[in-house]
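Structure assessment
Below, each chain spelled out in residue letters.
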Amino acid sequence: MRSRSPLRPAAAGIVIAILAVVVLAADQLAKTVAIDNLPPERVVPVLGDALQFYLVRNPGAAFSLGEGVTWLFTIALAVVAAIIVFLALRRVRSRLWAVVLGLLLGGVLGNLTDRLLREPGFPVGHVVDFISTPWMMPAIYNVADIFIVSMMISVAILVLFGLRLDGTRETRASRAAEAQAAGDVDASSDPGPR
């Protein structure tokens, strides 16, 4: 089986940007439809208790934690977005990493958009949540949250399986070689006893 060549930096950036824009657009469209069509804070059954819509505006993080420090979440989202863009421009050459980071960036930008543009105003806007699955978790969430959580799980899986941002795989042999090389560098920089 032939291995694919790594993505060029521009290609990785384009993949990440396209996926981020698609997720951002889907998230904002879903939130707009929810605001226009759902009654605030009333359960609307979709599939019985398995899936419900419940429109709320969340000033905090998951489970409405940190309602008094909404601006901190805005800063955190902006930092995460900046890190993903930096990685996209400098390090990502793996197709899988490009897809995962693009979808994650779209989710982050979806909630960051709410923080920046929705009421009560910049930079403390409330995130629009409307999806409820009581059988799975007691949280109310949105499309952006789905991508953030699922892509963070994907990041953990990619790291666990040793897939690096450049598309190479970390193996025991590569770890040993890197440790050996680091040891050689340390030894050559040590002037020794005088």
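Residues numbered from 1 in each chain as written. Predicted model: local features only at pLDDT ≥ 70, side-chain atom pairs only at ≥ 80, totals over all residues. Heavy atoms only, no water.

**Digging into the UniProt feature "transmembrane region" (unreviewed entry) in the protein chain**
Here, UniProt's "transmembrane region" (unreviewed entry) annotation points to residues 69-89, 96-113 and 139-163. From the first C-alpha to the last, residues 96-113 spans 26 Å; its make-up is 100% helix and 0% strand. For the annotated span residues 139-163, helix accounts for 72% and strand for 8% of the residues, and the straight-line distance between the end C-alpha atoms is 32 Å. (UniProt positions renumbered as here; feature names shortened; annotations may be inferred. Helix = DSSP H or I, 4+ residues; strand = E, 2+ residues; numbered from the N terminus.)

**Examining helix α4 (residues 143-160)**
With 18 residues, α4 should reach 26 Å at 1.5 Å per residue; the first-to-last C-alpha distance of 26 Å fits that figure. On its buried face, α4 sits against α1 (9-37), α3 (95-117), β3 (127-132) and β4 (140-141). (Expected span 1.5 Å × (residues − 1). Contact = heavy atoms within 4.5 Å.)

**Considering the UniProt feature "active site" (unreviewed entry) in the protein chain**
Here the UniProt feature "active site" (unreviewed entry) sits at D129 and D145. With the annotated positions falling across 17 residues, the maximum pairwise C-alpha distance of 8.9 Å places them together in a single cluster. Looking at the secondary structure, you find D129 in strand β3. Position of D145 among the secondary structure elements: in helix α4. For D145, a relative accessible area of 19% puts it in the buried group. Contacts of D145, omitting those with residues within four sequence positions, involve N111 and D129. (Buried < 20%, exposed > 50% of the residue type's maximum accessible area, 1.4 Å probe, protein only.)

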